[in-house]
Protein chains: 2
Amino acid sequence: MDLPHLLITLILIFVGAKALGELANRIGQPTVLGELVAGVILGVGGLKLLDPHANVFVLLADIGVIILLFETGLATDIRELLEVGWRSLAVAAVGVILPFAGGFAFALAFGYTNLVAIFLGAALTATSVGITVRVLSDLGKLKSKEAKIILAAAVADDIIGLIILAVVRDLGITGEVHPLKIVQITALAVGFFVAAIVLGNIFAKQLVRIIEKTRTSGTLIVASIAFAFLLSLGAELAGSAAIIGSFAAGLALGRTHKFEVIARELKPVAYIFTPIFFVKIGADVDLAYFNPFNEANHAILVVAGFLFVIAMVGKLLSGAAVFDRRIKATTVGIGMAPRGEVGLIFAEVGRRAGIVTADLFAAVVVVMALTTFVAPPLLKASVARRPRGVSLLAWFFEPARRRVSNLIWGR
Amino acid sequence: MDLPHLLITLILIFVGAKALGELANRIGQPTVLGELVAGVILGVGGLKLLDPHANVFVLLADIGVIILLFETGLATDIRELLEVGWRSLAVAAVGVILPFAGGFAFALAFGYTNLVAIFLGAALTATSVGITVRVLSDLGKLKSKEAKIILAAAVADDIIGLIILAVVRDLGITGEVHPLKIVQITALAVGFFVAAIVLGNIFAKQLVRIIEKTRTSGTLIVASIAFAFLLSLGAELAGSAAIIGSFAAGLALGRTHKFEVIARELKPVAYIFTPIFFVKIGADVDLAYFNPFNEANHAILVVAGFLFVIAMVGKLLSGAAVFDRRIKATTVGIGMAPRGEVGLIFAEVGRRAGIVTADLFAAVVVVMALTTFVAPPLLKASVARRPRGVSLLAWFFEPARRRVSNLIWGR
């Protein structure tokens, strides 16, 4: 890519994201939904003015979501995150098991082999947390209990995703699973996150101390972002996702006394970079699959429809694993619903191994897009709802819920 | 480039720029000199950890200098710029004519052909204003009279550079000059700048009015940068340099009542992007040419030494064209001294056409590097000097200077 093309790309992203974000906002929808739609209009599904596979675009989008999760980490109190640790783990586990089981059963019922069923189930498991974080941030709900649970569950979900990826990769290549490798991968990912939190905390304080002694301007924001990039790189090298690293960096710097200055200076940088990520997601959506006049799409859309329901219901029910009346289970469930790149990677591994057919892959692509686009409005509606459930159903099940909650969490 | 490599590249740039920038500052040197040296250490001349030709690195560096000149435009009052217009034009003209004549004469004296002499002269003409802007900005002197003259002269210099490029390109390819094409190029470049200023002013006000009505956050900074990118793109398409466009965008937005908010929010973005540009310049410097133990370098270094003196003296004398006692002629002259990419483009055209030999090209590369590295400390020293000249020489020539000044500027 040369400079004029990069400038055109960035102008289109900025103008498109801001114009459609504003429009979404005016009609009561989350801003990020407008940014996603801007991507669809400008990308492969629309005017084809943006190439979502262009190297620079992909990298800037990656930097965008890294900065978004860094910003989120800065605004998150790590103690509150640890408080909801076990509940989040339960949410993550249920949110992986149910969609996997659903996808697996669906595939078997439709006569696919066990191997295909495993890939299809796996593709539905991994949450893509960027969308949720952005919606909650725009709504000023990043400090809510629900946000904490979603964030901690997303970290757990990423590590579970790594394990699943290792399993499906082994199944796809050699046809058998290597338990030792899986233990290694898990230990590395968990170890990295714990180390990033513990060492990150120590280094963050040292870093701020050093920065306070410098005389040149801009050192705080530049060093903070370098720190976030360093932990992102570490996470990548540990097999985890870069955003897990930048989130950990944010958590660590969030405990230093400079966190407010960093957050303030980071804001304009985030304004510039994050729309690139969301427009890129939209630009990747190929609307061709959604064309009902193309008969080849019918089977894809029917399969996608089933998988979409399984994917949504599975994550929605995962919210129930919180078992706490003060927390909106539906908000947590919807917050975990968006799927993205990781699911596509699973399906891609299966496709390369000749297990997942082109049609099934297309169905997975459609499901990822649907969960991504459906989550922001549902999440906004769910957040706006009054906290105490008033439905007859909730009233009816309340005694049972309380008993189960006491049983599990011992309250 | 993949994400881990981009992260490593950015971490190295940020840490290197900040560490050596701070060090430079501590030993009384301009911060940007430290950033340049960081680039040399990390780039092709040193540890080879940074590849200055990597597409993403090049593009981010371009964005860096675009944002730097946008920021400069925001801080510059266009009326004060127009006030010094004619003086700046004189500075630009002398600063082009003297180094060209010097390079040309030197080449002829050493037995080169007319054609070689023209290319060598041309390579010494074009100022690279980024370094100067950054030094003056760090010293808080961006609003000085000298800065105004340098900025306006840099715009004129860019347009003169376009004309020279057209001439040398024609000479290199067809061996003859097409006057009509040169008139076209000049008209387009001048026309673009005038149109960008006039129309930019109107659109900037409209843009701010629209932004004030939006409800989503971050619109002001994102739209402002999109505006800067749009004019940068326009400048590129008009054959001019992208930084001329972003400078014009800054001038236009600087006249709106939101300019302070834009400048404040732009600051962290500039802190992130501008070091990428300066580290890239340093990373491009190939120290191999400077090795005196390599006999092949002797001729190159001798030629480079002569050309360096011609390049420096030519621009230093251009400062004298200001003919105003209240303005430091040496500051203006040194400010115009750094050469960069444009000069290399001229030499490259000559090399491709088989006119400039590899050794001469290497000498030009060395001269560009020397002018770039020598300018920041000289500029800082010159700015710090007391405004009124106290030297015997200045006292001796003062009556003559005043007479010439009256003759030219009619005061």
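What counts and how
Residues numbered from 1 in each chain as written. Chains lettered and ligands numbered in written order. Predicted model: local features only at pLDDT ≥ 70, side-chain atom pairs only at ≥ 80, totals over all residues. Heavy atoms only, no water. Helix = DSSP H or I, 4+ residues; strand = E, 2+ residues; numbered from the N terminus. Rg over C-alpha atoms; globule rule 2.2 N^0.38 Å. Buried < 20%, exposed > 50% of the residue type's maximum accessible area, 1.4 Å probe, protein only. Contact = heavy atoms within 4.5 Å. Least-squares fit on C-alpha atoms with pLDDT ≥ 70 in both. Salt bridge = Lys/Arg side-chain N within 4 Å of Asp/Glu carboxyl O. Axes fitted to C-alpha atoms, helices over the stretch in contact; angles between N-to-C directions. Parallel < 35°, antiparallel > 145°, perpendicular 65-115°, else oblique. Left-handed = near helix turned anticlockwise from the far one by under 90°. Core = buried A, V, L, I, M, F, W, Y, C linked by side-chain atoms within 4.5 Å. Buried area = accessible area lost by both parts, 1.4 Å probe. Polar contact = N/O pair within 3.5 Å; in protein donor to acceptor, adjacent residues only side chain to side chain. Nonpolar A, V, L, I, M, F, W, Y, C, P; charged D, E, K, R; others polar. Phe/Tyr/Trp six-rings, centres within 6.5 Å; stacked < 30°, edge-to-face > 60°. Lys NZ or Arg CZ within 6 Å of the ring centre and 35° of its normal. Patch = residues over 30% accessible without salt bridge, like charges linked within 9 Å, V, L, I, M, F, W, Y side chains within 5 Å. Areas by Shrake-Rupley, 256 points an atom, 1.4 Å probe, with all protein chains shown as cover. Lys, Arg positive; Asp, Glu negative; His and termini not counted. Charge placed at Lys NZ, Arg CZ, Asp CG, Glu CD.

Participant: What's the story with the overall build of chain A in this structure? I'm lost.
Facilitator: Summing up its helical and strand segments, chain A has 17 helices and 0 strands in all. The C-alpha radius of gyration of chain A comes to 21 Å, within 12% of the 22 Å expected for a compact globule of 411 residues. Structurally, chain A occupies a C-alpha span of about 70 × 60 × 50 Å along its principal axes. Within chain A, buried positions represent 55% of all 411 residues. For chain A, the proportion of contacts with a sequence separation of at least 24, taken over those separated by at least 6, is 79%.

Participant: How should I be thinking about the relation of the copies chain A and chain B in this particular structure?
Facilitator: Copy one and copy two of the chain differ by a rotation about an axis and a translation along that axis. Rotating chain A by 180° about the axis while translating it 0.0 Å along that axis superimposes it on chain B, leaving an RMSD of 0.0 Å. Put plainly, the chains are arranged around a two-fold axis. Most of the interface of chain A is mirrored in chain B, where 100% of its interface residues again form contacts.

Participant: Mind showing me how you'd approach the pattern of salt bridges here?
Facilitator: Pairs can form between side chains of opposite charge whenever their charged atoms are close. All names here are of chain A. Tallied over the entire structure, the rule returns 24 salt bridges over all chains. Measuring nitrogen to oxygen at the nearest pair gives 2.8 Å for the salt bridge that ties K181 to D170. With K181 in helix α9 (residues 179-213) and D170 in helix α8 (residues 145-173), this residue pair connects regions lying 11 residues apart in the sequence. Residue classification places K181 among the partly exposed positions, given a relative accessible area of 36%. Residue classification places D170 among the buried residues on the basis of a relative accessible area of 5%.

Participant: Would you explain the packing of helix α2 (residues 31-42) of chain B against helix α16 (residues 358-384) of chain B in this entry?
Facilitator: Each pair of packed helices can be summarised by the angle the axes make with each other and by the distance between the axes. Residues and elements named next belong to chain B. The interhelical angle for the contact between α2 and α16, taken along N-to-C directions, is 155°, at an axis separation of 9 Å. For the element pair α2 / α16, the angle class is roughly antiparallel. Seen from above, α2 lies across α16 with left-handed handedness. The residues of α16 that touch α2, namely those facing V32, L33, L36, V37 and V40, are T372, F373, P376 and P377.

Participant: Would you explain the nonpolar core in this entry?
Facilitator: Grouped burial of nonpolar side chains is what soluble globular proteins tend to show. Membership of the largest hydrophobic core comes to 198 residues, with the highest contact counts inside it found for A:F14 and B:F14. Excluding its chain neighbours within four sequence positions, the residues that come into contact with B:F14 are A:V222, A:I225, A:A226, A:F229, B:I272 and B:I276.

Participant: What exactly am I supposed to notice about the interface of chain A and chain B here?
Facilitator: Where the parts come together, the accessible area they lose is often given as the size of the interface. Each partner contributes to the interface: chain A provides 47 residues, whereas chain B provides 47 residues. Overall, the association of chain A and chain B removes approximately 4,300 Å² of surface from exposure, summing both partners, and the carbon and sulfur fraction of that is 77%. For the pair chain A and chain B, the interface holds 0 salt bridges. Remark: the boundary between chain A and chain B carries 10 residue pairs in polar contact (both at pLDDT 80 or more). Those elements that place two or more of their residues in the side of chain A that touches chain B are α1 (3-26), α3 (55-74), α10 (219-237) and α12 (259-284) of chain A. With 14 residues, the single largest contributor to the side of chain A that touches chain B is α1(A). A per-class count over the side of chain A that touches chain B returns 28 nonpolar, 10 polar and 9 charged.

Participant: Would you explain the packing of helix α2 (residues 31-42) of chain A against α12(A) in this entry?
Facilitator: Residue and element names in this part refer to chain A. The contact between α2 and α12 brings their axes to 6 Å, and the two run at 50°. The angle between α2 and α12 places the two elements in the oblique class. Relative to α12, the crossing made by α2 is right-handed. Side by side, α2 and α12 meet where V32, E35, L36, G39 and V40 of the first sit next to P275, F278, V279, I281, G282 and A283 of the second. Each residue belonging to the contact of α2 with α12 can be placed in one class, and the counts come to 8 nonpolar, 2 polar and 1 charged.

Participant: Help me understand the packing of aromatic side chains in this model?
Facilitator: Two numbers describe a pair of aromatic rings. These are the distance of the centres and the angle of the planes. Tallied over the full model, the rule gives 13 aromatic pairs over all chains. On the basis of an interplanar angle of 10° and a centroid distance of 5.8 Å, the ring pair of A:F273 and B:F273 is categorised as stacked. Here the residue A:F273 occupies a position in helix α12, and B:F273 occupies one in helix α12 (residues 259-283), the pair thus bridging two chains. For B:F273, a relative accessible area of 7% puts it in the buried group. Ring centres of B:F277 and B:F278 lie 5.1 Å apart, and the angle between their planes is 70°; this geometry places the pair in the edge-to-face category. Across this residue pair, the class does not change: B:F277 and B:F278 are buried. Of the aromatic side chains, those joined through ring pairs into one cluster are A:F106, A:F110 and A:F306. Over the aromatic face of A:F361 sits the side chain of A:R351, whose NZ or CZ is 3.8 Å from the ring centroid.

Participant: Explanation requested: a positive patch on the surface in the structure shown.
Facilitator: Taken together, A:K205, A:R209, A:K213 and A:R255 make up a surface patch of like positive charges. Inspection of the secondary structure puts A:K205 in helix α9.

Participant: Would you take a moment to explain the environment of B:A123 for this structure?
Facilitator: Residue and element names in this part refer to chain B. If you trace the backbone, A123 turns up in helix α6 (residues 114-123). According to the relative accessible area criterion, A123 is buried, its value standing at 1%. Between the C-alpha atom of A123 and that of T31, which follows or precedes it by 92 residues, the distance is 27 Å.

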